[in-house]
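# Coordinate inspection notes
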Amino acid sequence: MTINLLHSREIEGKALSNLLKQKGYDVTRRGFAKHIKNNKKTIYVIDTEFLFQSNQKKLDKLCSPSNYIALVGKISHLYWLFQFSCHYVSFISNKEKIKTLDTSISSLAQKKSFLSKKTKLFLNKTRQEQHNILLKRNLSSPLTSTELKTMCQISLGKTTKEIAEEWCRSHHTINNHRKNIIKKLSLSDSKTLGNFCLQKKHALKTLLSIEQNESSLDKFEVNLK
């Protein structure tokens, strides 16, 4: 089996490559190569930070039913899992051991999608617990899907007027969403909200993606060790 390792940091990438080789894998670092010329199954092991450095054209090369993708990253980057829903795909927290990655690779080789134990434990928490963990706030109540969508738009620098026009809603409606969000997060004003959304943009995308893709999570194998 061949591992194509895509990592954002050279030193950590080399260390992970050596660990995988010790496990008996044939490891290459050929980037977005469409084809690796051998007869072995190829699995892409990807550090999620690497994906932020890649343009959409390169990412599209990974979107093929023949690819198997093992993502390793922060829980706040979990939304990448749903970007590759057309593949056999896995997600492992970057705080977990190489043994978990080995289990993930084995699952993918058997055409089974996989979630690590830490990932599954997070997904099994209540919506409010997930929000508190990723946003690092003690919310008075969980954010609604519309509030999460509003915050994602704010994180892109969009104004109330721009959001209202895009959603075909009145600016009063969007302002009400802002007020409710500010109250739940115990923030002081709209400026503080804008800074908060920018800082937590990845966490917000993950929380929204979990809600939108909840039904697809049943297909994943879980490492319970």
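None of the values given here were measured: they were computed from a predicted structure. (Residues numbered from 1 in each chain as written. Predicted model: local features only at pLDDT ≥ 70, side-chain atom pairs only at ≥ 80, totals over all residues. Heavy atoms only, no water.)

### Details of the side chain of H131
Mapped onto the secondary structure, H131 falls in helix α7 (residues 127-135). Sequence-distant contacts of H131, that is, excluding residues within four places in its chain, are made with K136, L139, P142, L143, L148, L207 and E211. (Helix = DSSP H or I, 4+ residues; strand = E, 2+ residues; numbered from the N terminus. Contact = heavy atoms within 4.5 Å.)

### Overview of the confidence of the model for the chain
Caution is warranted with low-pLDDT regions, since their predicted coordinates should not be read in detail. Of the residues in the chain, 93% have a pLDDT of 70 or more, and the chain-wide mean is 88. Low confidence marks residues 35-39, where pLDDT is under 50. Its contacts with residues over four positions away, or in another chain, come to 8 contacts. (pLDDT = per-residue confidence, 0-100.)

### A closer look at the pattern of salt bridges
If you walk through the whole model with that rule in mind, you get 6 salt bridges. Ionic pairing is found between K14 and E10, a salt bridge with its closest N-O pair at 4.0 Å. In this pair, K14 and E10 both sit in helix α1 (residues 10-22), 4 residues apart, roughly one turn of the helix. Among the salt bridges present, the one from E211 reaches R127, with a minimum N-O distance of 3.4 Å. A residue pair is termed long-range when its members are at least 10 positions apart, and E211 in helix α12 (residues 201-212) and R127 in helix α7 qualify at 84 residues. (Salt bridge = Lys/Arg side-chain N within 4 Å of Asp/Glu carboxyl O.)

### Remarks on the packing of aromatic side chains
If you walk through the whole model with that rule in mind, you get 3 aromatic pairs. Aromatic side chains Y68 and Y88 sit 5.5 Å apart centroid to centroid with 10 degrees between the ring planes, which places their arrangement in the stacked category. Here Y68 is found in strand β4 (residues 68-73), whereas its partner Y88 is found in strand β5 (residues 88-93), with 20 residues between them in sequence. Their ring planes at 25 degrees and their centres at 5.4 Å tell us that Y79 and W80 sit as a pair that is stacked. (Phe/Tyr/Trp six-rings, centres within 6.5 Å; stacked < 30°, edge-to-face > 60°.)

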